[in-house]
Amino acid sequence: MSRIRETIVRAAMPLMGAYDTVTTAQIARVAGIDEADLLAVFADKEAVMRACAARMTEQVTAVLNPAEEVRELDAIPADQPLAARLVAVIDILDGYHRRVRTDLEALQQAVSAGVPSPRPVSREDLRTAGRLPEIQQAVARVLEPDQHRLRLPAGFLAEAFLGMALTAQSPVPAEQVVDLLLHGALSTGRQN
């Protein structure tokens, strides 16, 4: 991307919320260039805003990319007990969610630059991020060494485990989530 185009997009990002009222002259002023220079790079305001939206999409995609966490999940030693491996999964996912929340909030601040943010990053945003197919497949690989002991396929259990781990209304210790998956909801000493 040319330097002037980059300058325009960076300057216009905070103006996206004022799409209906912002003009190319205002965008040029914020970018510190003449309107004619802006129009030499972008045909109109819509082209600037499309470039901003594309940049935002790229940035959010980069933030949500779980490649590092997938590598960490794949590095969990298969010779550890299953419960220990699943606790490690939760720890890795907690780190992923902290990173995503921090990075998305920083991105929101950078984009809004004084404009009130549309909404903060929610728990639902993080739950959705934690259910990326790459993460689910990596969790299934963590379960696969014990497939012969599991009542259901590793892929199905990975999805159920992620649902349990990511949807708790209040923080539940990782060990309790793992115990619930592996041993069910009934206490061992109770009879019904």
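Anyway, here's the lowdown on the structure attached to this text.

### Structural notes on the nonpolar core
Alright, step 1. Judged by nonpolar contacts, the single largest core of 31 residues is most densely connected at L73, L86, V89, I135, V139, L143 and F161.
Alright, step 2. Elements represented by at least two residues in this core include exactly helix 5 (67-74), helix 6 (82-112), helix 8 (133-143), helix 9 (154-167) and helix 10 (174-183).
Alright, step 3. At 10 residues, the largest contribution of residues to this core is made by helix 6.
Alright, step 4. In contact with V139, other than residues within four places in its own chain, are L73, V89, A158, F161 and L162.
Alright, step 5. One finds I8, A11, I27 and M49 within the second-largest nonpolar core, a separate group that totals 20 residues.

### Concerning the environment of E159
Alright, step 1. As for its position among the elements, E159 is in helix 9.
Alright, step 2. With relative accessibility at 48%, the residue E159 sits in the partly exposed group.
Alright, step 3. Distance from E159 to V139, taken between C-alpha atoms, is 8.4 Å for residues 20 residues apart in sequence.

### Overview of the side chain of E69
Alright, step 1. Mapped onto the secondary structure, E69 falls in helix 5.
Alright, step 2. The class of E69 is buried, set by a relative accessible area of 6%.
Alright, step 3. In contact with E69, other than residues within four places in its own chain, are I92, Y96 and R99.

Cut-offs used in this document
- Residues numbered from 1 in each chain as written.
- Predicted model: local features only at pLDDT ≥ 70, side-chain atom pairs only at ≥ 80, totals over all residues.
- Heavy atoms only, no water.
- Core = buried A, V, L, I, M, F, W, Y, C linked by side-chain atoms within 4.5 Å.
- Buried < 20%, exposed > 50% of the residue type's maximum accessible area, 1.4 Å probe, protein only.
- Helix = DSSP H or I, 4+ residues; strand = E, 2+ residues; numbered from the N terminus.
- Contact = heavy atoms within 4.5 Å.

From the geometry alone we can't say anything about function, so treat these as descriptive.
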